[in-house]
Amino acid sequence: MQSQPQAKYLKDYQAPSHTVTNLELTVELDPTDTKVVSKALYSAAQSVSELCLDGVELNLISVKVNGQLFKDFVQTETSLTLKNLPNEFTLEIENTISPSTNTSLEGLYLSEGAYCTQCEAEGFRKITYFLDRPDVLTDYLVTIIADKDIPYLLSNGNKIEEGNWPDGRRFTKWQDPHKKPSYLFALVAGDFDVLRDTFVTRSGREVALEIFVDKGNLDKTPHAMASLKNAMKWDEERFDLEYDLDIYMIVAVDFFNMGAMENKGLNVFNSACVLANQQTATDRDYHTIESIVGHEYFHNWTGNRVTCRDWFQLSLKEGLTVFRDQEFSSDLGSRALNRIDAVMAMKTHQFAEDSGPMAHPIRPEKVIEMNNFYTVTVYNKGAEVIRMMHTLLGEANFQKGMKLYFERHDGQAVTCDDFVAAMGDASGKCLEQFKLWYRQFGTPTVQVETSYNVEQQTFTLKLNQIHAENDPVSEPLHIPFAIELLDTAGNTIPLISNGKDFDAVIELKEISAEFTFENILSKPTPVLLENFSAPCVVSYDYESEELIHILRHASSDFTRWEAAQRAFTMEIQHAVNTLSGSNPVSISDTLIKALKSIIAEENTDKALISELIKLPNFDTVSAEFSPVPVTELVDIYKQFELQIATQLQSELTAVYKSCLESGEISASAVAARSLKATALYYLALLENDEVTDWLLANSQQDNMTLKLAALKAVKNADHEVSEQLISQFDAQWRHDPLVMDKWFALQATTDNDSAIDLIKSLYDHPCFDKSNPNRVRALVGQFARSNPAQFHRIDGKGYELLADLLIELNAINPQNASRMVTPFMSWKRYDPTRQQLIKSQLERIASVDNLSDDLYEKVDKALNV
Ligand code: B3K
Ligand code: ZN
């Protein structure tokens, strides 16, 4: 019988038993028999004579203590415990590993012939025995030895020596001047093309910048390089932070579990997050690359210079770094559109996680497999928590807090409390109550009631915070609740309370509180939780006219978007309630009228218009229902899209024609393409020769944004040219699997009963590879996320397809399997038939032999809520 995986608890944290200095790591690379020798000085923190090292899937050759062969140890599958040790000693361990059979993409593995590593969170233990925890900071001297024909042998820090090894192989030696935890160690060896550049820091130091990519991909690297230089400059200007090494390297690999990894001085990236040119990447890809390159760079201070004491504190570095990358993108591009993206991620993914069996605080308290906690909660809600502090403190005080944080903790491994303390101390603002955000989970609701007093010309808001049923925190949270009041002309009314000017941010600290504003000449329209100032749900009975008023008149673009989303959602809710038989449902005339005038707005960012006229995504809308009426929603979305296309045909056609751009990547061209794509998406639903010509013309463009827009539109509309364009794309891009991911994702949205067979047949496509996470996510991930009609088929075949794949992936790559199980986690939100179908698939997974900790933790939680 399998032993049950054991959970670890934050409350059990203990400081490490030893410190480690002067780690010398020698790695002799070989696909199946890599030899690793690690030598270091260990000093016991208190007088303990035992040392328990982490190590997984290692073949131990020898242990030496102070140069002498040492046998007094106990080995398990995950550890090596040495006994009867002196207080201080050198430890030399030799072991071997097999990178070529490592398909977990954790530890040292091969990606298309190149050696690379992934050590966060606990992958270093798959390379050698070590105290593999983030609070053990060590200096590294790394020697890499490999065959002569591998030109690049890279590790962290500076290359201090290279040459020929006595037996004819080559070696390089790297020294990292900064102490680091093992999760930031990296090694890469392979043959690459390299883009080189330099950056001069504001103190005048020249930093060498190098981007390594597979041969032939050099023309797809300039955007990542430009993004890196922008990030370096931005961090100096906005956060006063300068880079601290002489070299910064990025390596792009095809086999990678996440987007990228911030290893000190040597980032390893998923090639999807580096490679881009106009032919192969969409405008969205360009944006993602900029933000991820920035994110990894920003970790150099928030994560690497100051790191986490333990993995429960992951949000210390991730929440903060996501906040920083969001600010970077917002300062460089459109703040409103970036906010829309961030809030959409929260409402679509984080709220769902928070209401399901994997709900956890941004600082989790109990973990079985750490890799399961690189979540939208830790990352995105973590960033919202940092953003709330920014809102409460203001930019100047927030930056004072950052300064103090670095003054106090540079070179240390610390906790989220340390961060909040620095913010509180630097600003003088009490954040004691605010800290509850680190412990609570389940999305809080702020219930709002309003009343207008005509005689006194006052407007009163009554706020009431309600915690989710599963929330461990019952005391009130400190919620920055931003508001705006609009007058009948849509102007912002200045807020006055108790005779004084009132800042737009209400600090709600009680369970319920009332706020009255004076001098309000007529009944205002309230904008609530403006700019999503806290990660909460607002419950307020908006009249649809109020939403349309906000949508048409609010000065904040983000606010307009939120109003549009709410207005659409209300219409969908209404349609679900009235849907019966084959009776058509429709969007109200007032909303249609508002959409018409929005499309025609001349001074509005085209990219914003594009977002304003889109229906909210399926997952966000689903959250409003219990159980989710899958079939009805699919039907309503189709009817609504067709209605928008029909009733807005002339506006959409006009706007399509007016969106001129010539393939460049300026903000205005990107915006024009975005609106063009949305117009095309709707128009493709109508039978119209002119539109067919546009679709065909766009599909032939040398610009991936336009090409893909045409393909998405024809696929969604099941247009007569759909098949033709789909096979043309396949023929054109078969040589480039990264581009083919877009094609796999499109195929996954096939909205008819052939979808399951089609997906299964694509497993045999020459570009498809189940061991490549990008491919699997593009095809099956997209199917489960974006094809509700087929994934939730009432015969259960969609669920079976996903479960079959998860069972296979369990043996290949548990981390990827575990990521892919997400659509099953919310099974309780569906009707009894679907619940039963998903449950039986979860049970099938639970009964698999050698179920990984990754899947076990999630499936067990899903089944036992
Ligand atoms: N820190 C890495 C993520 C590591 C995930 C380990 N399963 C990327 C990032 O957040 O920057
Ligand atoms: Zn990160």
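By the naming in an unreviewed UniProt entry, the protein chain is Aminopeptidase N, taken from Pseudoalteromonas phenolica. Recorded in UniProt under Sequence similarities (unreviewed entry), the annotation for the protein chain is "Belongs to the peptidase M1 family." Taken verbatim from the UniProt record of the protein chain, the Cofactor (unreviewed entry) comment is "Zn(2+)".

**Q** How should the site of ligand 1 be read in this particular structure?
**A** What surrounds ligand 1 is a group of 14 residues, the closest being E120, E262, E296, N371 and Y379. Within the side chain of K317, one N or O atom sits 3.4 Å away from a nitrogen atom of ligand 1. Out of a free accessible area of 340 Å², ligand 1 has 95% covered by protein chains. A breakdown of the residues in the shell around ligand 1 according to their chemical character gives 5 nonpolar, 4 polar and 5 charged.

**Q** Hey, could you run me through the UniProt feature "domain: Peptidase M1 alanyl aminopeptidase Ig-like fold" (unreviewed entry) in the protein chain in this one?
**A** The UniProt entry lists residues 442–541 under the feature "domain: Peptidase M1 alanyl aminopeptidase Ig-like fold" (unreviewed entry), expressed in the numbering used here. The annotated region residues 442–541 carries 0% helix and 47% strand content, and the separation between its end C-alpha atoms amounts to 22 Å.

**Q** Would you take a moment to explain the environment of E290 for this structure?
**A** Residue placement: E290 occurs in helix 2 (residues 283–298). Between the C-alpha atoms of E290 and C430, which are 140 residues apart in sequence, the distance is 35 Å. For E290, the residues in contact, after removing those within four places along its chain, are H223, S227, F328, S329 and L332.

**Q** Sorry, what's going on with a negative patch on the surface here?
**A** A grouping of E687, D689, D693 and E720 is seen on the molecular surface, where their side chains present a negatively charged patch. Position of D693 relative to the elements: it lies in helix 15 (residues 689–699).

**Q** Explain the pattern of salt bridges here, please?
**A** Side-chain pairs of opposite charge can arise whenever the charged atoms involved come near each other. As enumerated under the stated definition, the model contains 66 salt bridges in all. The shortest N-O distance in the salt bridge between K403 and D240 comes to 2.4 Å. A residue pair is termed long-range when its members are at least 10 positions apart, and K403 in helix 5 (residues 376–409) and D240 in the loop between helix 1 (222–239) and strand 19 (247–253) qualify at 163 residues. Ionic pairing is found between R834 and D831, a salt bridge with its closest N-O pair at 2.8 Å. Its relative accessible area of 7% is what places R834 among the buried residues. A cluster of three or more residues bridged by salt bridges with shared partners is formed by R202, R205, D240, E242, D246 and K403.

**Q** I tried to follow the sheet that holds strand 30 (residues 505–508) on my own but got confused; where do I start?
**A** Hydrogen bonding along the main chain pairs the strands of a sheet, whether they run parallel or antiparallel. Reading across from one edge, 30-27-32 is the order of the 3 strands in this open sheet, with antiparallel pairing throughout. Edge strands, defined here as strands with exactly one partner in the open sheet, are strand 30 and strand 32 (525–528). Pairs of neighbouring strands in the sheet enclose a mean axial angle of 30°, with direction left out of account. Pairing analysis gives 4 bridges linking strand 27 (residues 479–486) to strand 32, with the strands arranged antiparallel. Of the residues in strand 32, the one forming a bridge with L486 is T525.

**Q** Sorry if this is basic, but what is going on with the UniProt feature "domain: Peptidase M1 alanyl aminopeptidase C-terminal" (unreviewed entry) in the protein chain here?
**A** According to UniProt, the feature "domain: Peptidase M1 alanyl aminopeptidase C-terminal" (unreviewed entry) maps to residues 545–864 in the numbering used here. Helix makes up 71% of residues 545–864 and strand 0%, with an end-to-end C-alpha separation of 44 Å.

**Q** What is the right way to read the environment of L110 from this model?
**A** Counting through the fold element by element, L110 comes out in strand 10 (residues 107–111). Put simply, L110 and F441 are 331 residues apart on the chain and 39 Å apart in space, counted from C-alpha to C-alpha. Discounting chain neighbours no more than four positions away, the residues touching L110 are P31, P99, S100 and Y115.

**Q** Explain unusual backbone geometry to me, please; I cannot follow it from the model alone.
**A** Negative phi values dominate among residues other than glycine, just as trans dominates among peptide bonds. Here the residue pair E120 and A121 is connected by a cis peptide bond, since its omega of 0° sits within 30 degrees of zero. Along the chain, the position of A121 falls in the loop between strand 11 (114–118) and strand 12 (138–146). Look at the link from S626 to P627: it is a cis peptide, with omega at -5°. In this structure, P627 sits in the loop between helix 11 (618–622) and helix 12 (630–647). One non-glycine residue, N66, lies in positive phi territory at about 50°. As for its position among the elements, N66 is in the loop between strand 5 (59–65) and strand 6 (68–69). The residue N519 is not glycine, and still its phi comes out positive at about 65°. Mapped onto the secondary structure, N519 falls in the loop between strand 31 (512–517) and strand 32. A relative accessible area of 48% means that N519 is categorised as partly exposed.

**Q** I keep staring at the sheet that holds strand 3 (residues 34–44) and nothing clicks. Help me out?
**A** Strand order in the open sheet formed by 8 strands is 6-5-9-3-2-12-15-14, with mixed pairing between adjacent strands. This sheet does not close on itself; its edge strands, each paired only once, are strand 6 and strand 14 (158–164). Bridge analysis of strand 14 against strand 15 (residues 170–180) gives 6 bridges, and the strand direction is antiparallel. Pairing of E162 across the sheet is with T172, part of strand 15.

Rules and cut-offs
- Residues numbered from 1 in each chain as written.
- Chains lettered and ligands numbered in written order.
- Predicted model: local features only at pLDDT ≥ 70, side-chain atom pairs only at ≥ 80, totals over all residues.
- Heavy atoms only, no water.
- UniProt positions renumbered as here; feature names shortened; annotations may be inferred.
- Near = heavy atom within 4 Å.
- Polar contact = N/O pair within 3.5 Å; in protein donor to acceptor, adjacent residues only side chain to side chain.
- Areas by Shrake-Rupley, 256 points an atom, 1.4 Å probe, with all protein chains shown as cover.
- Nonpolar A, V, L, I, M, F, W, Y, C, P; charged D, E, K, R; others polar.
- Helix = DSSP H or I, 4+ residues; strand = E, 2+ residues; numbered from the N terminus.
- Contact = heavy atoms within 4.5 Å.
- Patch = residues over 30% accessible without salt bridge, like charges linked within 9 Å, V, L, I, M, F, W, Y side chains within 5 Å.
- Salt bridge = Lys/Arg side-chain N within 4 Å of Asp/Glu carboxyl O.
- Lys, Arg positive; Asp, Glu negative; His and termini not counted.
- Charge placed at Lys NZ, Arg CZ, Asp CG, Glu CD.
- Buried < 20%, exposed > 50% of the residue type's maximum accessible area, 1.4 Å probe, protein only.
- Pairing = 2+ DSSP bridges.
- Axes fitted to C-alpha atoms, helices over the stretch in contact; angles between N-to-C directions.

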